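Listed here are the chains, written in short residue letters.
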Amino acid sequence: MYQVGINHEEDSMEHPPSLAAGGGQESIDTVRKDRKSGQTPQATRKSKLLSKFPLVNISRNLVLAYQSLGVVYGDLSTSPLYVYRSIFDGKLQDYQTPEALFGAFSLIFWTITLIPLLKYVFIVLSADDNGEGGSFALYSLLCRHAKFSLLPNQQAADEELSSYRYGYSGQSTSCIQLKRFLEKHKKSRTVLLVIVLLGACMVIGDGVLTPAMSVISSMSGIKAAAEHLTHDGVVFLSCIILVGLFALQHVGTHKVGFLFAPIVLIWLISIMIIGLYNTIIWNPKIVSALSPYYIVKFLKETGKDGWISLGGVLLSVAGTEAMYADLGHFSAFSMRITFAFVVYPCLVIQYMGQASFLSKNIDSIPNSFYSSIPDRVYWPVFVIATLAAIVGSQSIITATFSIVKQCNSLGCFPRVKIVHTSKHKGQIYVPEINWILMILTLVVAIGFQDTTLIGNAYGLACTTVMFITTFLTTLVIIFVWQRSIVFAASFLLFFWFIEGLYLSSAVIKAPQGGWVSLLLSFILLAIMLVWHYGTRKKYKYDLHNKVPLKWLLGLAPSLGIVRVPGIGLIYSELVTGIPPIFSHFVTNLPAFHNVVVFVCVKFVPVPYVSSDERFLIGRIGPRPYRMYRCIVRYGYKDAQQDGGNFEDLVVQSLAEFIQMEAVEPQLSSSESPSLDGRMAVISTSLQTNSPLIISDEDFETCSTIQSSKSVTLQSLRSSYDDGNPENRKRRVGFNLPENSGMDPDVRDELLDLVQAKEAGVAYITGHSYVKARRSSSCWKKLVIDVAYSFLRKNCRGPAVALNIPHISLIEVGMIYYV
């Protein structure tokens, strides 16, 4: 790896103009080449919507429904372990009466019915972004139907993606003023982004609190057999289980789901049978508590103390948000049938049975769940409860991975390693986040030890996420579903009234443990905002310091320097223009490759980009310059890069663009060399109708064209590959067909491309240092020079994130004064 150091201070960037909705970029004309069946984008979208209909693939949905038990509903199904104990903790101990238990059960029943069943299953799960869920999915969906986004690198060409216009089309007439207000005022769009990030942070905070809460609660039942075991011993055993749980995450959601799903299914059936048994044996009159009359009676008798106890009732629906955040791992239909026909009836019957037992055994409230288990099945249920608690932690951990991936893809989280653990696009594993979560969870478990305190923090985080999801879903109802503002306002006010009661109760308990979720969320929010701010400042610097095309044209085809054999891939965040890194490089090292490709890897606010739409290819300058632009587009749940054949895909796409340009004059920029931005959509799959002959090489170059590498370089590369077998990947050889009918200029350009590929590919990236200008405020210097600099130094580098081979990497050092 070679590194060229350059110190370049910004001269005229005192007041850079803000990015417009199009990212401040020039318009880009695109030409789509349909390589499959000539299907229009509208037909493609229609087929994708039809494929989402559950009857199309019922067997797959049933398999996903089974898996979702082990991944999504573990947390929700283990709440009976601690709900009644949490409700009657504190001042409500003075109201431990059968009537109060009837009221508590009624509250639990209607909470489960209104929030998870009505709100999430029937409404929120429908607000998916091409099958993806979570707060960022809602945000990206909104940004595609209105100009709300603050994220850079947007293009008009992105709107042509088949997955971009997902949902209802057209403009809403009833909300046009609200839409214009949000689009016009940058502060309102900034507030919207902060709200979305806060919701994401709360979900990540849940990933810390849920495992500690669930495992410690389940392990408390062991005291019945080992009376000499202290609470510290229970916490120690819980920590061992937590370490094992996080160590298991690397196997992936697919395997974890199949491993844990039987446990949750057995658990749900067990607690349903126990609940039904207790209802019949102890107090069948508990069925009357299904009436909301008992809620009014409960709150009237308990007053303020009953209102504060709503934080305990909220724990009965803790984990509901994971159902939406994990949507990308499964499907909405599979989650609906699992919750409506399995999880919901089992939980209702269990809570009913537990209340029936406690109404006749008031003294058992501190250990409500385990006391209600018949002695003959106590130990089998204890084992299942412990295993189910482990599974319960899995759902929020999986949701955390999904949220981090979305934030990272949309430029709001430092670069981390994303491991796709299954062919299903949404199933991922993030090693760094996994181990950070484990450490924080152990700190919470050891530091608090009391599940009541952890539950207070847990409840506050859950309620905040639900509150934010209701607000974002309301915006989706208005701007995406095109419903009336009256309907959207009714939805908002109804659920905000319910969730507001729970949120106010949870906020009261902030000094008793709730501060933990607030602290974690604000730290994460600060990290996200700093990273987003620094990334935007860096992008604006590149945008306003682009190299003028006139400068390039003045160099002539040789660029005024030595053109060496090979292909140079110059990575930049710019989608138009020539990045400053190019002029810096040629100024300090006056030699460059015969073929130059400016590569921009960008994430589009859609969940995925199909391979047929991934590459945008264009030309920079006249044909003799052999300079091109390649924009590689990914969705926020796509696996980045295309294995080890990225170089081959680039060459293949360039060859197809060269051929297309010869027959489609609107792509050609040779007659108008000042035009930069004429681009074509090229499929990334290697097709048989390519202008080049493609052949597998089995690690050896089989092309008839003589390689331009020196013998020394070839021997060095061979030695490197022999010493690093993991780097020896499948190679593809390109040859020109014997086609006398091909245009001579096209053939010469293709020949240069093939020869350059055989000579080798170099990856040129910027090794940037972002610093605040001397005239900047102290606050900006603190954010850029300290916080953002620290994050950049401690996250994965761009070369690692882009899977660039180390031996072919050239880094150009730059200092950005922003």
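An unreviewed UniProt entry lists the chain under the name Potassium transporter, with Anisodus tanguticus given as the organism. Reading the Function (unreviewed entry) entry of the UniProt record for the chain gives the comment "Potassium transporter." What UniProt states about the chain under its Sequence similarities (unreviewed entry) heading is, verbatim, "Belongs to the HAK/KUP transporter (TC 2.A.72.3) family."

Caption draft 1: Highlighting a nonpolar patch on the surface. A contiguous nonpolar patch, built from L276, Y277, I280, I281 and W282 and spanning about 490 Å² of accessible area, is present on the exposed surface. Topologically, Y277 is positioned in helix α10 (residues 253–281).

Caption draft 2: Quick look at the nonpolar core. Counting residues in each nonpolar core, the largest one holds 164 residues, and the members touching the most others are Y84, F88, F105, F136, W267 and F339. If one sorts the elements of this core by residue count, helix α8 (residues 186–219) sits on top with 16 residues. Setting aside chain neighbours within four positions, we find Y84 in contact with L101, A104, F105, I108, Y351, Q354, A355, L358, I365 and S368. Core analysis: the next-biggest nonpolar cluster, separate from the first, contains 35 residues, L753, A756, A799 and I804 among them.

Caption draft 3: Looking closely at helix α26 (residues 744–759). Spanning 16 residues, α26 covers 22 Å between terminal C-alpha atoms, matching the ideal 22 Å at 1.5 Å per step. Regarding α26, the residues found buried are V746, E749, L750, L753, V754, A756, K757, E758 and A759.

Caption draft 4: Representation of the environment of P579 within the structure. Here P579 lies in the loop between β5 (562–571) and α23 (580–588). For P579, a relative accessible area of 2% corresponds to the buried category. On a C-alpha basis, the gap between P579 and N545 in space is 7.4 Å, while along the polypeptide they are 34 residues apart.

Caption draft 5: Main features of the confidence of the model for the chain. This prediction gives the chain a mean pLDDT of 79; 79% of its residues lie at or above 70. Contacts from residues 1–29, a stretch scored under 50 in pLDDT, to residues over four places away or in other chains number 77 contacts.

Caption draft 6: Region of interest: empty space enclosed by the protein. One pass over the full model with this rule turns up 2 cavities of 30 Å³ or more. For the second largest cavity, the calculated volume is near 40 Å³. Every residue lining the second largest cavity is listed: G311, G312, G455, N456, G459, L460, A506 and K509. Among the secondary structure elements, those contributing two or more residues to the lining of the second largest cavity are α13 (310–314) and α19 (451–479). The leading source of residues in the lining of the second largest cavity is α19, at 4 residues. Split by residue class, the lining of the second largest cavity holds 2 nonpolar, 5 polar and 1 charged.

Caption draft 7: Broad picture of the pattern of salt bridges. Applying the stated rule across the entire model yields 11 salt bridges. Here K119 ties to E499 by a salt bridge, and the two come within 2.5 Å at their closest N and O atoms. Taken together, the positions of K119 in helix α5 (residues 98–121) and E499 in helix α20 (residues 485–508) put the pair 380 residues apart, joining distant regions of the chain. Accessibility classification places K119 together with E499 in one group, the buried group. One salt bridge in this structure joins R626 and D752, with 3.0 Å as the shortest N-O distance. A residue pair is termed long-range when its members are at least 10 positions apart, and R626 in the loop between β7 (615–619) and β8 (627–634) and D752 in helix α26 qualify at 126 residues. The class for R626 is buried, based on a relative accessible area of 13%.

About the cut-offs
- Residues numbered from 1 in each chain as written.
- Predicted model: local features only at pLDDT ≥ 70, side-chain atom pairs only at ≥ 80, totals over all residues.
- Heavy atoms only, no water.
- UniProt positions renumbered as here; feature names shortened; annotations may be inferred.
- Patch = residues over 30% accessible without salt bridge, like charges linked within 9 Å, V, L, I, M, F, W, Y side chains within 5 Å.
- Areas by Shrake-Rupley, 256 points an atom, 1.4 Å probe, with all protein chains shown as cover.
- Salt bridge = Lys/Arg side-chain N within 4 Å of Asp/Glu carboxyl O.
- Helix = DSSP H or I, 4+ residues; strand = E, 2+ residues; numbered from the N terminus.
- Core = buried A, V, L, I, M, F, W, Y, C linked by side-chain atoms within 4.5 Å.
- Buried < 20%, exposed > 50% of the residue type's maximum accessible area, 1.4 Å probe, protein only.
- Contact = heavy atoms within 4.5 Å.
- Expected span 1.5 Å × (residues − 1).
- pLDDT = per-residue confidence, 0-100.
- 1 Å grid on protein atoms, 1.4 Å probe; cavity = no way out; pocket = protein on both sides within 12 Å on 5 of 7 lines; lining within 4 Å.
- Points joined across faces, edges and corners; volume = space filled by probe spheres on them.
- Nonpolar A, V, L, I, M, F, W, Y, C, P; charged D, E, K, R; others polar.

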